[in-house]
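# Summary of the model geometry
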Amino acid sequence: MISAVVLLSCVVTVTAAFDVTAVPFDEGFSHLFGNDNLVRSSDGRTARLTLNRYSGSGFVANDMYHHGFFSASIKLPSDYTAGVVVAFYTSNGDLFEKTHDELDFEFLGNVRGKDWRIQTNVYGNGSTSRGREERYVLPFDPTAEAHRYSILWTSHHIIFYVDDTPVREVVRSDAMGGDYPSKPMSVYATIWDGSTWATGNGKYKVNYKYEPFVSDFSDLVLRGCRADPIQQVDSAAARRCAEANDELLAADFALMTPKKRAAMRRFRERYMAYSFCYDTNRYPVAFPDCDIIPSEQSRFYEWGQSKDSRERRRSRRQSRKARAGDPKRVSSI
């Protein structure tokens with residue numbers, strides 16, 4: 001039986017961006033799948049996940065949480081990574097197959113020379129057919145060193161962070177109805193073969209010539225109220241989880257200051273490549289909870305893809321054509 005407990009208290013490190021503490025792997029997590037493709041460091045601070053032709057790998061939190069702040073420093077695989085998916089997420093899909101909740105960071109690999117992309121997903125009560133997906137490129141190379149990715153989930157709002165920059169906020173509203181995640185969830189980290197969809201809608205698949213694909217996870221944070229989604233919650237447990245939620249809402253990572261909002265707006269203007277709110281091909285009528293921002297909307301096509309991303313591709317194509325037609329370049333080949 002799992003009692004409601006506010007925090008995992010075993011301290012390993014204090015993260016730089018926020019006033020939170022990390023937990024040792026063995027105190028907070030367990031091996032999920034992948035046999036020897038999960039390797040823990042001797043000091044318990046780092047877990048390495050590997051994908052090869054035999055298997056991916058993953059780990060899962062030992063407990064489920066009703067609201068929380070979950071974070072990891074992640075270093076992604078380099079070189080040719082088309083079809084590779086690394087994920088850091090919360091879910092209760094193993095218990096609620098048709099009505100599950102989920103909050104995702106999905107990292108989507110690419111062909112050599114192309115950027116990794118990040119996708120965030122918000123699903124509540126089995127709302128996968130009403131996906132609230134967004135996709136971004138990054139202002140740094142996520143394979144050169146680890147960067148911190150964090151998910152805040154409270155009764156009031158959800159915030160996705162890249163390092164200390166909020167990149168997405170979802171505020172709970174009556175318009176979302178049951179689509180707002182509401183049941184206790186576990187925290188997962190995985191690497192797996194997403195050849196059927198991850199890169200170019202399946203055009204580019206995992207090439208195991210470049211295996212193994214390795215991703216490192218460190219500075220793991222589990223801050224929230226531990227809860228059993230099956231066990232009937234008594235009044236004392238409910239009160240403890242309500243207090244834990246209030247503590248989350250008062251923490252620095254939950255406060256959206258004007259400075260944070262400005263940083264989020266700059267990130268989204270520069271790096272957001274897809275938004276469900278502007279995908280009129282998939283959703284002819286925008287979701288009632290969408291906050292349509294004209295400056296964002298003007299950058300997207302009817303299927304929600306950023307015009308800027310097309311312009312970058314066009315510019316690169318034209319640049320390549322120009323170089324190919326350069327007499328000096330041709331003569332040197």
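A brief look at the structure comes next. (Residues numbered from 1 in each chain as written. Predicted model: local features only at pLDDT ≥ 70, side-chain atom pairs only at ≥ 80, totals over all residues. Heavy atoms only, no water.)

With 16 residues, helix α2 (residues 235-250) should reach 22 Å at 1.5 Å per residue; the first-to-last C-alpha distance of 23 Å fits that figure. When we look at burial in α2, the residues that qualify are A237, C241, A244, N245 and L248. One side of α2 carries all its buried residues, which in axial view fall inside an arc of 100°. Those residues of α2 that are exposed and aimed more than 90 degrees away from the buried face are S235 and A250. (Helix = DSSP H or I, 4+ residues; strand = E, 2+ residues; numbered from the N terminus. Expected span 1.5 Å × (residues − 1). Buried < 20%, exposed > 50% of the residue type's maximum accessible area, 1.4 Å probe, protein only. Arc of directions from axis to C-beta.)

Moving on, we come to the state of the cysteines. Per the stated rule, a full pass over the model turns up two disulfides. With a sulfur-sulfur separation of 2.0 Å, C225 is cross-linked through a disulfide to C241. Between C225 and C241, the S-S torsion sits near -80°, and that sign places the bridge as left-handed. Residue C225 is located in strand β14 (residues 213-226), and its partner C241 is located in helix α2; the two are separated by 16 residues in the primary sequence. Looking at C225, the relative accessible area reads 1%, which means it is buried. Here C241 falls in the buried class, since its relative accessible area comes to 12%. With its sulfur 2.1 Å from that of its partner, C277 forms a disulfide with C290. On the sign convention where negative means left-handed, the S-S torsion of about -95° between C277 and C290 marks this disulfide as left-handed. (Disulfide = S-S within 2.5 Å.)

If you walk through the whole model with that rule in mind, you get 15 salt bridges. Across the pair E133 and R282 runs a salt bridge whose closest N-O atoms are separated by 2.9 Å. Residue E133 is located in the loop between β8 (117-123) and β9 (134-136), and its partner R282 is located in the loop between β15 (272-279) and α4 (294-297); the two are separated by 149 residues in the primary sequence. For the salt bridge of R168 with E134, the shortest nitrogen-to-oxygen distance reads 3.7 Å. Here the residue R168 occupies a position in strand β12 (residues 165-171), and E134 occupies one in strand β9, the gap between them amounting to 34 residues. Like R168, the residue E134 is buried in the burial classification. One connected set of salt bridges, linked through shared partners, spans R130, R132, D179 and D289. (Salt bridge = Lys/Arg side-chain N within 4 Å of Asp/Glu carboxyl O.)

Think of a pair of aromatic rings as described by two things: how far the centres are apart, and how the planes are tilted against each other in angle. By the definition in use, this model includes 23 aromatic pairs. Taking 5.1 Å as the distance between ring centres and 20° as the angle between the ring planes, the aromatic pair formed by Y80 and Y210 counts as stacked. With a gap of 130 residues between them, Y80 in the loop between β5 (65-75) and β6 (84-91) and Y210 in the loop between β13 (186-193) and β14 connect regions that are remote in the sequence. Aromatic ring contacts, followed pair by pair, group F18, F69, Y161 and F253 into a single cluster. Here K183 stacks its cationic end above the ring of F96, 5.2 Å away from the centre of that ring. (Phe/Tyr/Trp six-rings, centres within 6.5 Å; stacked < 30°, edge-to-face > 60°. Lys NZ or Arg CZ within 6 Å of the ring centre and 35° of its normal.)

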